[in-house]
Amino acid sequence: SVTNAVSGITAVGGLVLMGGGLLPTTTSQVLAAAAAGLSAVNIAGGFLITKRMLDMFRRPTDPADYGQLYAIPAAVFMAAWFAASRAGYSEVHSMAMLGSSVLCIGAVAGLSSQKTARLGNALGIIGVGSALVTTVGSLPVADALLYGQMAAVLGSGAAVGTLVARRVELSSLPQLTAAFHSFVGIAATAACVAAYLKDPVHLLLDADGSVHKAVMYLGSAIGAITGWPLPPPLACTKESMSRA
């Protein structure tokens with residue numbers, strides 16, 4: 001589930017491509033907002049699914065879990081990035097993204113063992129969360145209302161993912177994981193199409209245009225294939241929620 005949530009970093013691509021004010025105004029901006037929103041569903045739901053799965057193996061004699069304390073180093077990380085960016089050190093954005101990537105890699109590594117799985121889940125939450133915050137903070141936004149659109153898209157997507165992941169039965173968590181992973185595929189396709197529609201002329205004239213178009217074609221194709229199995233797992237999840 002955490003690897004699914006990490007793959008939800010397609011939200012970063014959606015945020016970069018978003019535009020307009022409080023609402024998107026072009027087809028490209030609508031697709032970018034959809035990519036960010038669907039990714040948020042997967043991110044929030046994926047981490048909650050992981051926690052529920054880990055809780056299935058928790059024994060009454062196990063020591064208390066103080067995972068919420070990981071919020072302290074996360075806050076320090078974000079405060080250091082914010083202070084450096086406000087001081088004019090533009091390279092701090094790249095450093096923060098690198099740190100987020102390392103945290104995501106640590107999350108996947110942590111899940112390789114039952115003993116470190118909860119640590120891996122916490123590292124994944126910090127890594128993906130810091131990547132999203134850093135992306136929003138580094139974007140040159142002309143209209144301040146765009147921040148409202150970003151917050152609404154990410155917030156609504158996270159709320160939907162959290163609600164569904166909380167209500168579904170434990171026996172249907174694998175199907176829900178597959179459904180969330182399909183959302184990432186759809187989000188990737190939407191982001192690639194949005195990137196092309198945003199500036200197709202630039203892709204034709206840029207010396208690296210062929211490389212960029214190849215990446216877009218691959219992203220669209222792989223995303224579409226990944227998103228194709230959405231109906232069956234989604235139907236199983238819906239049936240499980242109706243019973244709950």
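As a reminder, the structure under discussion sits directly above these lines.
Calculation criteria
Residues numbered from 1 in each chain as written. Predicted model: local features only at pLDDT ≥ 70, side-chain atom pairs only at ≥ 80, totals over all residues. Heavy atoms only, no water. Helix = DSSP H or I, 4+ residues; strand = E, 2+ residues; numbered from the N terminus. Buried < 20%, exposed > 50% of the residue type's maximum accessible area, 1.4 Å probe, protein only. Contact = heavy atoms within 4.5 Å. Areas by Shrake-Rupley, 256 points an atom, 1.4 Å probe, with all protein chains shown as cover. Axes fitted to C-alpha atoms, helices over the stretch in contact; angles between N-to-C directions. Parallel < 35°, antiparallel > 145°, perpendicular 65-115°, else oblique. Left-handed = near helix turned anticlockwise from the far one by under 90°. Nonpolar A, V, L, I, M, F, W, Y, C, P; charged D, E, K, R; others polar. Salt bridge = Lys/Arg side-chain N within 4 Å of Asp/Glu carboxyl O. 1 Å grid on protein atoms, 1.4 Å probe; cavity = no way out; pocket = protein on both sides within 12 Å on 5 of 7 lines; lining within 4 Å. Points joined across faces, edges and corners; volume = space filled by probe spheres on them. Core = buried A, V, L, I, M, F, W, Y, C linked by side-chain atoms within 4.5 Å. Expected span 1.5 Å × (residues − 1).

**Structural notes on the overall build of the chain**
Argument step 1. When you go through the chain residue by residue, the secondary structure sums to 11 helices and zero strands.
Argument step 2. Starting at the N terminus and ending at the C terminus, the chain contains elements arranged as α-α-α-α-α-α-α-α-α-α-α.
Argument step 3. Across the 244 residues that make up the chain, the buried fraction comes to 41%.
Argument step 4. Looking at the chain alone, contacts between residues at least 24 apart form 79% of all its contacts between residues at least 6 apart.
Argument step 5. Total accessible area on the chain stands at roughly 12800 Å², and carbon and sulfur atoms take up 71% of it.

**Topic: the packing of helix α4 (residues 71–86) against helix α5 (residues 92–110)**
A pair of packed helices can be characterised by two numbers: the angle between their axes and the separation between those axes.
Argument step 1. α5 packs onto α4 with a crossing angle of 165 degrees between their chain directions and a minimal axis gap of 9 Å. In terms of axis orientation, α4 runs roughly antiparallel to α5. Crossing angle aside, the handedness with which α4 passes α5 is left-handed. When α4 is examined against α5, the residues Phe77, Trp81, Ala84 and Ser85 are found in contact with a partner set consisting of Val92, His93, Ala96, Gly99, Ser100 and Leu103.
Argument step 2. Partitioning the contact of α4 with α5 into residue classes produces six nonpolar, four polar and no charged.

**Focus: the side chain of serine 100**
Argument step 1. Among the structural elements, serine 100 can be located in helix α5.
Argument step 2. With residues near it in sequence (within four places) discarded, serine 100 still touches Phe77, Gly127, Ser130 and Ala131.

**Quick word on the pattern of salt bridges**
Argument step 1. Inspection of every chain in the model, using the stated rule, returns two salt bridges.
Argument step 2. Between arginine 118 and aspartate 55 there is a salt bridge whose closest N-O contact spans 3.0 Å. Here arginine 118 is found in helix α6 (residues 117–138), whereas its partner aspartate 55 is found in helix α3 (residues 27–56), with 63 residues between them in sequence.
Argument step 3. Overall, the relative accessible area of 31% leaves aspartate 55 in the partly exposed class.

**Topic: the layout of surface pockets**
Argument step 1. Approximately 500 Å³ is the volume found for the largest pocket.
Argument step 2. If you list the elements that add at least two residues to the lining of the largest pocket, you get α3, α4 and α6.
Argument step 3. Broken down by element, the residue count for the lining of the largest pocket peaks at eight residues, all from α6.
Argument step 4. Here the residues of the lining of the largest pocket sort into 13 nonpolar, four polar and three charged.
Argument step 5. Put simply, the second largest pocket is a space of about 250 Å³.
Argument step 6. Taken together, Leu54, Phe57, Arg58, Arg59, Asp62, Pro63, Ala64, Asp65, Gln114, Lys115 and Arg118 form the lining of the second largest pocket.
Argument step 7. Its residues placed into classes, the lining of the second largest pocket shows four nonpolar, one polar and six charged.

**Considerations on the nonpolar core**
Argument step 1. Within the largest apolar cluster, 21 residues are counted, with the highest numbers of intra-cluster contacts made by Leu15, Met18, Ala36, Ile43, Val128, Leu132 and Met150.
Argument step 2. Within the residue set of this core, elements represented by two or more residues are α2 (10–17), α3, α6 and α7 (145–167).
Argument step 3. Sort the elements by how many residues they give to this core and α3 lands first, with six residues.
Argument step 4. Apart from the residues within four sequence positions on either side, leucine 15 is in contact with Ala36, Leu132, Thr135, Val136, Leu139, Met150 and Leu154.

**Notes on α7**
Argument step 1. The terminal C-alpha atoms of α7 lie 33 Å apart, and with 23 residues this matches the ideal 33 Å at 1.5 Å per residue to within 8%.
Argument step 2. The set of residues buried in α7 consists of Leu146, Gln149, Met150, Val153, Leu154, Gly157, Gly161, Val164 and Ala165.

**What to know about the environment of glycine 21**
Argument step 1. When you line up the elements, glycine 21 lands in the loop between α2 and α3.
Argument step 2. Sequence separation of glycine 21 and alanine 142 is 121 residues, and the distance between their C-alpha atoms is 9.0 Å.
Argument step 3. In this view, glycine 21 contacts Asp143, Leu145, Leu146 and Gln149; residues no more than four positions away in its chain are not counted.

Purely geometric numbers; function is a separate question.
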